[in-house]
Amino acid sequence: MVIQELKPSKRVEGRWLAVLEDGSILRMGEGEVVEFALYAGKELSDEEAEGLQAAARRSGLKSKAIDLLMRKPQSRKELGRRMREWEASEEEIESICDRMEELGYLNEAEYARRIVRHYAAKGFGERKIRDELYRRGIPKELWEEAMEQIEDNSEVIDAFLEKKLRGSHDPKEIKKASDALARRGFSWSEISDALRRYGMEVWD
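Residues numbered from 1 in each chain as written. Predicted model: local features only at pLDDT ≥ 70, side-chain atom pairs only at ≥ 80, totals over all residues. Heavy atoms only, no water.

**Considerations on unusual backbone geometry**
Here is the rule we go by: Working definition: helices are DSSP H or I runs of at least four residues, strands are E runs of at least two. Numbering for both runs from the N terminus. Throughout, exposure labels follow a simple rule: accessible area from a 1.4 Å probe, protein chains only, divided by the maximum for the residue type, with under 20% read as buried, over 50% as exposed, and the rest as partly exposed.
The phi dihedral of Glu87 falls on the positive side, at around 65°, and the residue is not glycine. Inspection of the secondary structure assignment puts Glu87 in the loop between helix H3 (76-85) and helix H4 (90-103). Located in the positive-phi region is Arg166, a residue other than glycine, with phi close to 50°. On the secondary structure map, Arg166 appears in the loop between helix H8 (154-165) and helix H9 (171-183). Judged by relative accessible area, which is 74%, Arg166 ranks as exposed.

Laid out in structure tokens, this is it:
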């Protein structure tokens, strides 16, 4: 297999294109160009061609992983799920996830903190936030540190009740508001405390 042409990509910085004699194009990073000592006109043995194709594939997967992580943070589990959609092998997934962590693109502790901040700011309770951490595949050992960011929820719950009830003490409306808070992940103790502050008599 002969490399007919070797040129840098015009679209992606650091990407190189190797045009092979059969017309196929391999996309790779500068590291593969150096590692395989590539140049236009070089003839590759079957073993070299196979190794280059495998390296080019890994390089492509790494580039896609970096692009994804720069657009939207992911957990290791989420990234692995996406890579399976790209037909990556389990070995490739483990290797690339490890590399993404080394480079700082994959940071589950920071991702957990971002999730907690986001849902707390939207007025959700601890149970709902833990559900989100679980759903996104963030390791449980990272949850507690991330959850420490949550301050007292009383102001959030009080504001929710004021907005929903507008001074009403109708039991039906109170129940609807309480159920809504429960769905948002607040505990009954948090809800009952808020109802007392609102002026309702509550029995635990």
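There's more to say after this.
**Regarding the pattern of salt bridges**
Stated formally: A side-chain nitrogen of Lys or Arg and a carboxyl oxygen of Asp or Glu constitute a salt bridge if their distance falls within 4 Å.
On inspection of all chains with the given rule, the structure shows 20 salt bridges. Among the ionic pairs, Arg135 bridges to Glu132, the shortest N-O distance being 2.9 Å. Of this pair, Arg135 and Glu132 both sit in helix H6 (residues 126-135), three residues apart, which is roughly one turn of that helix. The residue Lys175 makes a salt bridge to Asp179 at a minimum N-O spacing of 2.8 Å. Pair noted here: Lys175 and Asp179 are both in helix H9, with a separation of four residues, about one helical turn.

**Quick look at the environment of Glu141**
Tracing the backbone shows Glu141 in the loop between H6 and helix H7 (143-147). On the basis of relative accessibility, which here comes to 67%, the residue Glu141 falls in the exposed class. Considering only alpha carbons, one finds Glu141 and Leu161, 20 residues apart in sequence, at a separation of 33 Å.

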